[in-house]
6 protein chains.
Amino acid sequence: MSQSRLSALTWREVRRAGERGIALLPIGSQEQHAGHLPMGTDTLLVEAVVDRALDVLGREDSAPELVRLPVLPFGHSPHHLFAAAVSLSAATLGAVLEEVLDSLAASGHRRVVVVNGHGGNDEVMRLAVKRFALRSPVTVAACSYWTLTAGEEEAGRPEVTPGHAGWFETSLMLAAHPELVRTPVPARASVEPPPLFDNPPYAGLTVERHGEWERVDGSTDDASDADAARGARLLDDRARGLARAIRAFDTATR
Amino acid sequence: MSQSRLSALTWREVRRAGERGIALLPIGSQEQHAGHLPMGTDTLLVEAVVDRALDVLGREDSAPELVRLPVLPFGHSPHHLFAAAVSLSAATLGAVLEEVLDSLAASGHRRVVVVNGHGGNDEVMRLAVKRFALRSPVTVAACSYWTLTAGEEEAGRPEVTPGHAGWFETSLMLAAHPELVRTPVPARASVEPPPLFDNPPYAGLTVERHGEWERVDGSTDDASDADAARGARLLDDRARGLARAIRAFDTATR
Amino acid sequence: MSQSRLSALTWREVRRAGERGIALLPIGSQEQHAGHLPMGTDTLLVEAVVDRALDVLGREDSAPELVRLPVLPFGHSPHHLFAAAVSLSAATLGAVLEEVLDSLAASGHRRVVVVNGHGGNDEVMRLAVKRFALRSPVTVAACSYWTLTAGEEEAGRPEVTPGHAGWFETSLMLAAHPELVRTPVPARASVEPPPLFDNPPYAGLTVERHGEWERVDGSTDDASDADAARGARLLDDRARGLARAIRAFDTATR
Amino acid sequence: MSQSRLSALTWREVRRAGERGIALLPIGSQEQHAGHLPMGTDTLLVEAVVDRALDVLGREDSAPELVRLPVLPFGHSPHHLFAAAVSLSAATLGAVLEEVLDSLAASGHRRVVVVNGHGGNDEVMRLAVKRFALRSPVTVAACSYWTLTAGEEEAGRPEVTPGHAGWFETSLMLAAHPELVRTPVPARASVEPPPLFDNPPYAGLTVERHGEWERVDGSTDDASDADAARGARLLDDRARGLARAIRAFDTATR
Amino acid sequence: MSQSRLSALTWREVRRAGERGIALLPIGSQEQHAGHLPMGTDTLLVEAVVDRALDVLGREDSAPELVRLPVLPFGHSPHHLFAAAVSLSAATLGAVLEEVLDSLAASGHRRVVVVNGHGGNDEVMRLAVKRFALRSPVTVAACSYWTLTAGEEEAGRPEVTPGHAGWFETSLMLAAHPELVRTPVPARASVEPPPLFDNPPYAGLTVERHGEWERVDGSTDDASDADAARGARLLDDRARGLARAIRAFDTATR
Amino acid sequence: MSQSRLSALTWREVRRAGERGIALLPIGSQEQHAGHLPMGTDTLLVEAVVDRALDVLGREDSAPELVRLPVLPFGHSPHHLFAAAVSLSAATLGAVLEEVLDSLAASGHRRVVVVNGHGGNDEVMRLAVKRFALRSPVTVAACSYWTLTAGEEEAGRPEVTPGHAGWFETSLMLAAHPELVRTPVPARASVEPPPLFDNPPYAGLTVERHGEWERVDGSTDDASDADAARGARLLDDRARGLARAIRAFDTATR
């Protein structure tokens, strides 16, 4: 069992790790998170989950060998460009992911897990891992950190998970980076109608309306009762969920 | 209330319909569906659902004005190129969708619904509608037909819906195009382990493994007990689901 | 001898047909055709010619094995975007054609015929088939349906063939889809000067002027005396021309 | 009346000329022309025709003001890459033409004539001028030099005009650049069957077969009886044809 | 005077900072650095220089307001793909830079400084900042950290600065991250001839030879006598150089 | 020893020359050069240097075999589009260079020298030759003509070399193409502050400011005392520098 950061390895160590290990690529964003959370929220949270998961695995016997790549700090956030986002287009983010993945394959890696911290990256990440597995003899997994749960103690509020800059993300940030949360978090007036992207008029239908993010002022739900303790439990649950998912991936693809 | 096909309208009629109507764009694929279903299955089924939904709406009062575009018969099927698929790349399919949507906006349409018949198109469709709504003053919906249900009588088997070339699609084809199903449908030997793309090792994880579609011989589940009567009910349920979703979209965006 | 539609075949049947057959790909457009013809005119006419040609060949002995693909209903019509066209850019149409052709080559097809229904697709189609034959071991033919003639009985008016939304296309539509022609077709006032794209100032010179299609109101010649009977003969002539061309192609490339 | 070369003008002179003049852009290729003609044949011939046409116009009263751009010496010759061609892809040649044309529009030019010396450039040139006229308030003409004729004395052999590296091009080169023709030109054995790209099996059908240029050894017809005197008359005829076409374009677009 | 990290700011704070501040974007790479330095060397060193420069400015009066972006940890390293690099293509890196810069302009930033840690990024960075300043009303600076010097005490060896994985970079890493340097650094046998990219045969000529990086085993000069103390002075000199450059940029563009 | 122009060779001669010779590709621009120099200045000067260098080598024993390609007359000049430049984008110029270089590799060339006449082409040229040497088994050199010097007699003014449309270029043009220089060259008023792109506020920093070229009226320094005799010496020095660089390249790569 071993863990390492790719940026700290020499190239021959990277090659050796690639032979039997699993590469972990976290991806985030820099985008508005209302008035109380920082631009880097998604990046900070995905790193928090990944590093906690590595800690969990590091305490276990016979965990798979893991090489963590540096987080990609920029994501696909065109819907937040009205509010200071630093955004890559879908084509560019897709190219970055494909080229990073191809580089890993070129250095001998055969197993990769991409862990995402930003909803807007989801489709691009899925397309990238599909294309990667078609052109290279690899097995690649992808997830958004909030979808994984250890499931032992449910502390969350599924109806607002993950949302954007609401109760869930704020609770996690209060646990992981309390110094970066502007408190007290003001109550958010209810927006009527709620945003169509978050509340489609029919189950199974995705709806996008021009100007919707501006209309709802950049968040999906009230964060004023976010809770550091529950955030810590939620974060821990996701970290243990990711750790288990990595083990399960290792077992299925060894 | 009125319904029409864009290909049958003159250009001034298209413009008039665009002012207050909803444009419907069905998209499909041409790809392998095991040994008993035809290449056009996804295209045929999405058209079956769309046309039945139009029939439902056509019998109702005050249904929204609808303009149905010709189905796009080719989709994103790189994972089936080993088996005679006619496939567009993600970039090309994305460009086709964006240019069709932009054309509709240029002719004055402000509301569009994309209805998809092929799982592999999903991410590309989602990215396309998101980008469209960001750059144009429109509201656009997207769905894959199997995710919509009227919910009144559940005749299906959720654990294999939609799958690929399995019980669900075969039942629907027996209802919609029985002459195109090669019967009797042979039983499919169980494949061990089941494909990772269909059975991820941990909930919330997407896994893609090189060569998996070839390994599992191109289908996800046994179709030998597919059933025309249940297929008819499932098809009808999806058609009524789509009809209701269109109404709900109309109400929410009028 | 056999004929089939690719969308109705299983993938193994497609592969078998590819070994010795010829794939037929019709391509059309959705674009303005003045006030009396529908948006789908080019698509409807190319399908009418292709299907009639298949009927001709189907009645003959020892005709080549043919696999007809679904028509591509969208073409390159940027010059008609001012009037509700649904248009693909040249780059995107080119990519669609190349990827469809590459898919056919991947499934073992060695002979393809592309039949075009829209003048604006011409250059893109020619580039696509040239590139295809350079990179793949195939023989590929391309034509626009109006350029082929059986030549036995000339019923047409070469000086307005094909034109756009004029006498030729209207006559054919009166024969193929009379229910879609808005009649009586109003007489078209002569436009002075006639459009430069249709009447270059010197033989051999192609001239494009900004805004010319708007200036001439979207058609090239008067269609008020279009004639269903002559349209039927012209359509039949093209269908027999295409049938002969396919036979000649088969003979030359067997 | 005035004529100038863009490369010899200062930028303010280019702007002034753009206000009422016509810009002339010759485009050529560097590609195999059998064993007796040089790689630059198409470039040399298009420049010969353009410069002779300018001489003709220079001797006339009230000819339009003309600004000749430097010839683009590289064209689209992928079919000759097997034989030392220096070739741009269609996408790149198209981009070059579009950006040169856009630059001219940006400097105030409203009328441009593109004169082509290489058959393989044809579709790319046509697409480029169409797109240019759609996005800019310009009028633009395009031609391949051999299609223009003054028509007064026909010295040619239409059945082999222009062909490739055959009687027509060799005769012109003997007139324009005799020192670059390797003589005696050897007789070319008849190739059976003749190349499909030059002899389609049915009128109106374009056919491209993999490997055809190699099979026919790079030329379309016998050049051993090429004739400098007839070449000079043909060249003069094309030059006067181009001069008249430019005048006609000027008149139609003034 | 103030300094901040973009990832820690709320979006309104980013906007306010953009009005009069300067955004700092560090870019690095993940690539082989021989057997003794880690993959992240360039990224670690550019961050070390940037953060020390911020410390210098932070201690001064009336320093400009600065917003530091997260480092881009991946660069353009195709020449190191043979040795486990994680590399973006020039097109993709260029797109990332352009989109990050455009995002900054969209959020109101008018002054940006890009600080580079990897020689292979140089041309891409220069093209990106040039294009940015052409299309946006901004002033943008770019530099590679080793080219800036405070010039007060020269501790370096210009003939091997920066080189690759040699004396200069190793000395800096011994100062900044000694725990990541594998010591003792083995002596490097002289390579004959030295690499053409580092030792062109004529002054002013750039020469690239296929396979040269492999031939010289991934480094340009001997690092066995690298020196932590001199590395600390060199690092400090670059940090103060960057601090002064930022002040000079601020003064020139205020 | 032999020298030739690619455009004058037959394709088999090109192939033979490629086996052991060196291909020379000059690239230029068409862009504003103030009020006294022509648009083609960069192209004319690079051709003057290349042809003089060929003359020098042609008089020497055992010079390498050289094949000179036609000059590319268009370059990357987006910063001069405000003043009638004919400019290719960086992407397009890069594609042209890569495709020309790939064509040379396909015809068997293993050694290429690119000689540049326009500063704006520099980064694009460097990227192109790097990529070329990575993907093909070639050695390729690149230079801008003004950076090479024989160094025997220094006649220049380094502080304004090359500048743009200033003393250096004007002196060279007075030597190479005096008929194209508008004389007397007017004195240029000093511009305060001088352009940031030419006078960065700190050594080692590149700075680009929006609108700077317009502000300084298109030139970098006063050309009124440009001098034909010194221009002739400078031109000769560069030509002999290029000749020596080619010999050194030949020796190093034989």
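Above this text you will find the structure in question.
Criteria and thresholds
- Residues numbered from 1 in each chain as written.
- Chains lettered and ligands numbered in written order.
- Predicted model: local features only at pLDDT ≥ 70, side-chain atom pairs only at ≥ 80, totals over all residues.
- Heavy atoms only, no water.
- Phe/Tyr/Trp six-rings, centres within 6.5 Å; stacked < 30°, edge-to-face > 60°.
- Buried < 20%, exposed > 50% of the residue type's maximum accessible area, 1.4 Å probe, protein only.
- Lys NZ or Arg CZ within 6 Å of the ring centre and 35° of its normal.
- Contact = heavy atoms within 4.5 Å.
- Buried area = accessible area lost by both parts, 1.4 Å probe.
- Salt bridge = Lys/Arg side-chain N within 4 Å of Asp/Glu carboxyl O.
- Polar contact = N/O pair within 3.5 Å; in protein donor to acceptor, adjacent residues only side chain to side chain.
- Helix = DSSP H or I, 4+ residues; strand = E, 2+ residues; numbered from the N terminus.
- Nonpolar A, V, L, I, M, F, W, Y, C, P; charged D, E, K, R; others polar.
- Pairing = 2+ DSSP bridges.
- Axes fitted to C-alpha atoms, helices over the stretch in contact; angles between N-to-C directions.
- Parallel < 35°, antiparallel > 145°, perpendicular 65-115°, else oblique.
- Right-handed = clockwise from strand over helix to strand, strands pointing away.
- Arc of directions from axis to C-beta.
- Left-handed = near helix turned anticlockwise from the far one by under 90°.
- Least-squares fit on C-alpha atoms with pLDDT ≥ 70 in both.
- Core = buried A, V, L, I, M, F, W, Y, C linked by side-chain atoms within 4.5 Å.

Draft legend 1. Region of the structure containing the packing of aromatic side chains. With the rule as written, the count across this model stands at 15 aromatic pairs over all chains. Aromatic side chains Tyr-145 of chain A and Trp-146 of chain A sit 5.2 Å apart centroid to centroid with 85° between the ring planes, which places their arrangement in the edge-to-face category. Using a relative accessible area of 1% as the deciding quantity, one classes Tyr-145 of chain A as buried. One Lys or Arg, Arg-157 of chain B, reaches over the ring of Trp-167 of chain B and ends 5.0 Å from the middle of that ring.

Draft legend 2. Inspection of the interface of chain F and chain E at higher detail. Taken together, the contact between chain F and chain E spans 45 residues of the former and 45 residues of the latter. Carbon and sulfur atoms make up 63% of the surface buried where chain F meets chain E, a total of about 3,600 Å² over both sides. Summed over the shared surface of chain F and chain E, the number is two salt bridges. Between Glu-123 of chain F and Lys-130 of chain E there is a salt bridge whose closest N-O contact spans 3.1 Å. In this structure, the connection of chain F to chain E is made through 22 residue pairs in polar contact (both at pLDDT 80 or more). Among the elements of the structure, α3 (90-106), α4 (122-135), β5 (139-144), β6 (206-209) and α7 (228-253) of chain F are those that each provide at least two residues to the side of chain F that touches chain E. It is α4 of chain F that provides the largest number of residues to the side of chain F that touches chain E, a total of 10 residues. Broken down by class, the residue content of the side of chain F that touches chain E amounts to 26 nonpolar, 11 polar and eight charged. Two strands pair when backbone bridges link them, and strand β6 (residues 206-209) of chain E and β5 of chain F are joined in this way by four bridges, in the antiparallel orientation. Along β5 of chain F, the bridge assignment pairs Arg-209 of chain E with Thr-139 of chain F.

Draft legend 3. Broad picture of the packing of helix α5 (residues 167-176) of chain C against helix α7 (residues 228-253) of chain C. All names here are of chain C. Where α5 meets α7, the closest approach of the two axes is 7 Å, and the angle between their N-to-C directions is 90°. Accordingly, the angle class assigned to the pair α5 and α7 is roughly perpendicular. Here α5 contributes Trp-167, Phe-168, Ser-171, Leu-172, Leu-174, Ala-175 and Ala-176 to the contact with α7, which in turn contributes Ala-228, Arg-230, Gly-231, Ala-232, Leu-234, Leu-235 and Arg-238. Class assignment for the residues of the contact of α5 with α7 results in 10 nonpolar, two polar and two charged.

Draft legend 4. Seen up close, the pairing of strand β4 (residues 111-116) of chain C. Residues and elements named next belong to chain C. Of all six residues making up β4, six are buried, and the element is well covered by its neighbours. Neither face of β4 is exposed, since Arg-111, Val-113 and Val-115 on one face and Val-112, Val-114 and Asn-116 on the opposite face are all buried. Sheet topology places β4 next to strand β5 (residues 139-144); six bridges connect them, and they run parallel. When the bridges of β5 are listed, Val-114 appears paired with Ala-142. You can see the chain leave β4, run along helix α4 (residues 122-135) and come back into β5, and the turn it takes is right-handed.

Draft legend 5. A look at the sheet that holds strand β4 (residues 111-116) of chain D. With mixed pairing, the six strands of this open sheet are ordered in space as β6(C)-β5(D)-β4(D)-β2(D)-β3(D)-β1(D). The outermost strands of the open sheet, each flanked by one partner alone, are β6 (206-209) of chain C together with β1 (3-5) of chain D. The average angle at which neighbouring strand axes cross in this sheet is 20°, direction not considered. As defined by bridge partners, strand β2 (residues 22-27) of chain D adjoins strand β3 (residues 66-68) of chain D across three bridges and the pair is classed as parallel.

Draft legend 6. Main features of helix α1 (residues 11-20) of chain A. Residue and element names in this part refer to chain A. Residues Trp-11, Val-14, Ala-17 and Gly-18 constitute the buried set of α1. Along the long axis of α1, the arc covered by the buried residues comes to 120°, so they all point the same way. In α1, the exposed positions angled more than 90 degrees off the buried face are occupied by Glu-19 and Arg-20.

Draft legend 7. Layout of the pattern of salt bridges. Residue and element names in this part refer to chain A. One pass over the structure, following the stated rule, counts 114 salt bridges over all chains. Note that Asp-250 is salt-bridged to Arg-111, the shortest N-O span being 2.8 Å. A residue pair is termed long-range when its members are at least 10 positions apart, and Asp-250 in helix α7 (residues 228-253) and Arg-111 in strand β4 (residues 111-116) qualify at 139 residues. Within the structure, one salt-bridge network assembled from shared partners comprises Arg-5, Glu-47, Asp-51 and Arg-68.

Draft legend 8. Quick peek at the packing of helix α4 (residues 122-135) of chain E against α4 of chain F. For the pair α4 of chain E and α4 of chain F, the least separation of the axes is 9 Å and the interaxial angle reads 145°. Crossing hand, α4 of chain E versus α4 of chain F: left-handed. Contacts between α4 of chain E and α4 of chain F pair Glu-123, Val-124, Arg-126, Leu-127 and Lys-130 of chain E from the former with Glu-123, Val-124, Arg-126, Leu-127 and Lys-130 of chain F from the latter. When grouped by side-chain class, the residues that make up the contact of α4 of chain E with α4 of chain F number four nonpolar, no polar and six charged.

Draft legend 9. Up close: the arrangement of the chains. Nowhere do chain C and chain E come into contact; their C-alpha atoms are at least 19 Å apart. The least C-alpha distance between chain D and chain E, which are not in contact, is 15 Å.

Draft legend 10. View of the sheet that holds strand β2 (residues 22-27) of chain B. In space, the six strands of this open sheet follow the order β6(A)-β5(B)-β4(B)-β2(B)-β3(B)-β1(B), with mixed pairing throughout. Each edge of the sheet is formed by a strand with only one pairing partner; in this case those strands are β6 (206-209) of chain A together with β1 (3-5) of chain B. Averaged over all pairs of adjacent strands, the angle between strand axes in this sheet comes to 20°, irrespective of strand direction. As paired elements, β1 of chain B and strand β3 (residues 66-68) of chain B share three bridges and run parallel to each other. Residue Gln-3 of chain B lies in a different strand from β3 of chain B, and its bridge partner there is Leu-66 of chain B. Sitting on the sheet, helix α3 (residues 90-106) of chain B touches β2 and β4 (111-116) of chain B, and the angle it makes with β2 of chain B is about 165°.

Draft legend 11. Local environment of the relation of the copies chain F and chain E. Superposing chain F onto chain E takes a rotation of 180° plus a shift of 0.0 Å along the axis, which leaves an RMSD of 0.0 Å. Those values place the two copies in the arrangement expected of a two-fold rotation axis. Judged by C-alpha distance, Glu-123 of chain F is the residue of chain F that lies nearest the rotation axis, at 2.5 Å.

Draft legend 12. Representation of the nonpolar core in the model. Among the nonpolar cores identified, the biggest contains 222 residues, and Val-100 of chain C together with Val-100 of chain D are the most heavily contacted of them. When residues no more than four places from it in sequence are discounted, the contact partners of Val-100 of chain C are Phe-74, Val-86 and Leu-88 of chain B together with Leu-25 and Leu-69 of chain C.

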